[in-house]
Amino acid sequence: MNAPRPVSPRPTRIGARLLAAAGARLGPSLAAVAGAAVFGALLVLLIGENPFTAAAVAVRGVLGTPDGVGAVLFDATALIFTGLSVAFAFRAGLFNIGAEGQLLVGALSATVVALALPGLSRFVLVPLCVIAAAAGGAAWATIPGILRAKFGVHEVINTIMMNFIASGLTGYLTVHVLKDPGQMIPHTPTIPEAARIARLGDLPVPGNPIPTSSPANAALLLALAVAALAAWILARTPFGFRVRAVGQGETAARTAGVPTGRVLVGAMALAGAFAGLAGVNEVMGFRYRYLDNFTSGIGFLGIAVALLGRARPAGVVAAALLFGVLNAGAVEIDLFTEVPREVILVMQAGILLFVVAADEIARRIRRRGWRAGGGGA
Amino acid sequence: MDVEILLSAVRLATPLLFAALGGVISERSGVVNIALEGKLLAGAFAAAAFTHATGNPWFGVAGAIGAGMAIGALHALGSVWLRGDQIVVGVAINLLVVGLTQFLMGVMYGSNANTPLFRGFPPGGFLWFPPLVWGALLAVPAVHVLLSKTRFGLRLRATGEHPEAAESLGVNPLRVRIAAVILAGALAGIGGAYLALETSQFVKNMSAGRGFIALAGVFVGKWRPWGAAGACLFFGLAEASQIRLQGLGVPTQFVQMIPYVLTMVALAGFVGRSRPPASLGVPLSRER
């Protein structure tokens, strides 16, 4: 057991400690990004384009224009939520591949609540819808969680199954039950004004660079708060401690008296809640309605974000921002160069592969270092 | 029950069969194969590209096998050799193949939605079914024989149950697993080729989750070739009956959910005990 930390450390000590920890953990992630960047550049060269100009176009468009920054923040918000979802589950030793489904259910839940209670004031309706989104996602994730805790069924296959079931269920509900009549594309009617949250461009901050047309919205602030909450839960609560214990070794934890079943279900539920909250970003902050199967893969990208961020909330936020930049950059590249935007998707998959590889390579380097120093593995 | 529907079911089940047989092989060696989807898609794209370029669908099939094996090799590299987490590597490969096929499609044909049409096998084929369907039906007993009656199959199963014990008897689990995953890629690639050749083009993301349904078939079939085949045929039947069921008022979305719900139920143990190979998902030990 660790000795209790000092209650009020001086700021310099926190800073130094954070830096050391970050450095040790950043290595494989940075290497992975660099490797994927090289790979992407090679692909671009392959089709006869100049990777540096493509990159310059992307960076200029993404970070240099207000629209670009807004797009980055919007995508990053969704990725923070799904990344946290996968990351939190990881800490418990669980693989949550089901973020796609959880986020669909969460988004639809929020929409249903908003549509069902139009008369309420926004101070009641907004929190209710947020809770509905979290609850929907949590419920969806709890099912594989219980199957894992009670029947020992690996959550990977079950969460993947739940993704497809969610897609079918929400699709059915959107097309047959909730559909805005007379529309070709299946989506629900728009949610009432009171259920909508502010766009970032509308916030009365002096010198606000983000245009009001940008989809980036206040859900970003929620995402950052939730990330802080997740970090706090993991580091400072008994539940978080149990989650980490189970993640380090389920059998050992059980022997030590941790109620592993309950911890696993709880961790999945919380992970599902995080993913469901991504629905807030999409429905309450941007589209103001639920569009059938709107996700375009952010649940799966959340896996990459979680791994790149080493399953720590701060890392997840940073990785989400990076992927947001990549996503927005893909659009720029597509519009302004001859390079197809899929090169970014390939890069993102590459990052994931390289992270896995970098981990193992780092491990081998470390092992050789030990051997050289006389220690055994 | 209509003969029509049965024939249709077999045709629809064919890509699932190939992918599931590949899944059985790799999973029995201890490697979780989340990447079946990617291998199917890669095979479909390669088949489309090669058939379009050469005009001969058999070259397409050959190309598909090659592509499937290449993706399988990448999968093996990441998860067996580098001991990366098999699930993460699988997910990464699926994403990679989606991006790569769209990228290549855009570069080679100028569209990122579909390739130009090409002539597949002549319609009608041989005795109700195109040749690849027969291939799938024959592959089932072939894989069964491979697993249960050959030395390779024995080594494979041993690696899947207890790699350390197998190693002590002279089996190289690394090589066995790599071979298994590459073989799985080849089989799934053929399944993808069938998909593309049936529709005479490659459409983006045309595997549409079939790789996961095939994986579900592996689980429901308890990791045995005949069991997986039965499950896949059942899923094909469900898809074939969609129109009929829709007429009865069951919405398409619910019919499409059948394979997934069935898998979850089977895994929870309601359909007999479901016991995976003991070393499934466990990376090979680092003490060498």
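What counts, and at which threshold
Residues numbered from 1 in each chain as written. Chains lettered and ligands numbered in written order. Predicted model: local features only at pLDDT ≥ 70, side-chain atom pairs only at ≥ 80, totals over all residues. Heavy atoms only, no water. Helix = DSSP H or I, 4+ residues; strand = E, 2+ residues; numbered from the N terminus. Buried < 20%, exposed > 50% of the residue type's maximum accessible area, 1.4 Å probe, protein only. Areas by Shrake-Rupley, 256 points an atom, 1.4 Å probe, with all protein chains shown as cover. Lys, Arg positive; Asp, Glu negative; His and termini not counted. Charge placed at Lys NZ, Arg CZ, Asp CG, Glu CD. Rg over C-alpha atoms; globule rule 2.2 N^0.38 Å. Contact = heavy atoms within 4.5 Å. Phe/Tyr/Trp six-rings, centres within 6.5 Å; stacked < 30°, edge-to-face > 60°. Expected span 1.5 Å × (residues − 1). Salt bridge = Lys/Arg side-chain N within 4 Å of Asp/Glu carboxyl O. Buried area = accessible area lost by both parts, 1.4 Å probe. Polar contact = N/O pair within 3.5 Å; in protein donor to acceptor, adjacent residues only side chain to side chain. Core = buried A, V, L, I, M, F, W, Y, C linked by side-chain atoms within 4.5 Å. pLDDT = per-residue confidence, 0-100. 1 Å grid on protein atoms, 1.4 Å probe; cavity = no way out; pocket = protein on both sides within 12 Å on 5 of 7 lines; lining within 4 Å. Points joined across faces, edges and corners; volume = space filled by probe spheres on them. Nonpolar A, V, L, I, M, F, W, Y, C, P; charged D, E, K, R; others polar.

1. Some points on the overall build of chain B
So, step 1. Of the regular secondary structure elements, chain B holds 12 helices and zero strands.
So, step 2. Summarising its shape, the C-alpha atoms of chain B cover approximately 55 × 45 × 30 Å along the three principal directions.
So, step 3. Within chain B, the fraction of its 288 residues that count as buried is 56%.
So, step 4. Per element, the accessible surface of chain B, about 11,500 Å² overall, is 66% carbon and sulfur.
So, step 5. In chain B, which carries 20 positive and 11 negative side-chain charges, the distance between the mean positions of the two groups comes to 6 Å.

2. As for the overall build of chain A
So, step 1. Counting secondary structure elements, chain A contains 13 helices and zero strands.
So, step 2. Listing each helix as α and each strand as β along chain A from the N terminus yields α-α-α-α-α-α-α-α-α-α-α-α-α.
So, step 3. Computed over the C-alpha atoms, the radius of gyration of chain A is 22 Å, within 12% of the 21 Å expected from 2.2 N^0.38 for a compact globule of 377 residues.
So, step 4. With the C-alpha coordinates of chain A rotated into their principal frame, the extents come out at 75 × 55 × 45 Å.
So, step 5. Burial status across chain A gives 50% buried among its 377 residues.
So, step 6. Expressed as a percentage of contacts within chain A between residues at least 6 apart in sequence, the contacts between residues at least 24 apart total 73%.
So, step 7. A total of about 16,700 Å² of accessible surface is found on chain A, and carbon and sulfur atoms cover 67% of it.
So, step 8. On chain A, the mean spot of the 29 positive side-chain charges and the mean spot of the 17 negative ones are 19 Å from each other.

3. Some details on the packing of aromatic side chains
So, step 1. Under the criterion given, the structure shown has 11 aromatic pairs over all chains.
So, step 2. Judged by centre distance (5.1 Å) and plane angle (75°), the ring pair of F90 of chain A and F95 of chain A falls under edge-to-face. For the pair F90 of chain A and F95 of chain A, one class covers both residues: buried.
So, step 3. On the numbers, 5.6 Å between centres and 50° between planes, the contact of F164 of chain A with F212 of chain B is tilted. Taken together, the residues F164 of chain A in helix α6 (residues 155–177) and F212 of chain B in helix α9 (residues 210–220) connect one chain to another.
So, step 4. Note on F212 of chain B: relative accessible area 9%, which makes it buried.

4. Points about helix α10 (residues 260–287) of chain A
So, step 1. Under the 1.5 Å per step criterion, the end-to-end length of α10 of chain A is 40 Å for 28 residues, consistent within 8% with the ideal 40 Å.
So, step 2. Burial analysis of α10 of chain A places 21 of its 28 residues in the buried class, which makes it a mostly covered element.

5. So, the pattern of salt bridges
Residue and element names in this part refer to chain A.
So, step 1. One pass over the full model with this rule turns up seven salt bridges over all chains.
So, step 2. In this structure, R254 engages E250 in a salt bridge whose closest nitrogen and oxygen atoms are separated by 3.0 Å. Of this pair, R254 and E250 both sit in helix α9 (residues 250–255), four residues apart, roughly one helical turn.
So, step 3. In this structure R254 comes out as partly exposed when scored by relative accessible area, which is 46%.
So, step 4. Among the salt bridges present, the one from D334 reaches R341, with a minimum N-O distance of 3.8 Å.
So, step 5. Residue class for D334 comes out partly exposed when judged on its relative accessible area of 35%.

6. Looking at the interface of chain A and chain B
So, step 1. Facing 42 residues of chain A, the contacting portion of chain B comprises 40 residues.
So, step 2. Between chain A and chain B lies a buried interface of about 3,700 Å² when both sides are counted; carbon and sulfur atoms form 83% of it.
So, step 3. Where chain A touches chain B, the interface holds zero salt bridges.
So, step 4. On inspection of chain A and its partner chain B, the count reaches zero residue pairs in polar contact (both at pLDDT 80 or more).

7. Details of the nonpolar core
So, step 1. In terms of nonpolar packing, the biggest core is built from 188 residues, with L84, I97, V280, M284 and F323 of chain A together with I34 and F202 of chain B touching the most fellow members.
So, step 2. The residues contacting I97 of chain A, other than those within four sequence positions of it, are V156, T159, I160, N163, F300 and I303 of chain A together with I87 and V91 of chain B.
So, step 3. Of all hydrophobic cores here, the second largest spans six residues; its members include V31, A76, V80 and L174 of chain B.

8. Structural notes on the environment of T295 of chain A
Residues and elements named next belong to chain A.
So, step 1. Locating T295 in the fold gives a position in the loop between α10 and α11 (298–308).
So, step 2. Note on T295: relative accessible area 6%, which makes it buried.
So, step 3. For the pair T295 and G279, spaced 16 residues apart in sequence, the C-alpha separation works out to 9.5 Å.
So, step 4. Setting aside residues up to four positions removed in sequence, T295 forms contacts with E100, L103 and L104.

9. Let's talk about the confidence of the model for chain A
All names here are of chain A.
So, step 1. Looking at chain A, the pLDDT average stands at 84 and 90% of residues meet or exceed 70.
So, step 2. Ranking the elements of chain A by mean pLDDT puts helix α1 (residues 11–46) last with 74 and helix α7 (residues 219–236) first with 94.
So, step 3. Confidence drops under a pLDDT of 50 for residues 370–377, and excluding neighbours within four residues, the segment shows four contacts in the predicted structure.

10. With respect to empty space enclosed by the protein
Residues and elements named next belong to chain A.
So, step 1. This model, assessed by the stated rule, comprises one cavity of 30 Å³ or more.
So, step 2. Here the largest cavity defines a volume of roughly 30 Å³.
So, step 3. Contributions of two or more residues to the lining of the largest cavity are made by α3 (66–91) and α7.
So, step 4. Here the residues of the lining of the largest cavity sort into eight nonpolar, no polar and no charged.

11. Points about the environment of A64 of chain B
Residues and elements named next belong to chain B.
So, step 1. Of note, A64 is situated in helix α3 (residues 57–81).
So, step 2. Distance in space between the C-alpha atoms of A64 and A238 is 27 Å, their sequence separation being 174 residues.
So, step 3. If near-sequence neighbours (up to four positions away) are discounted, A64 is found in contact with G43, A46, A47, G189 and A193.

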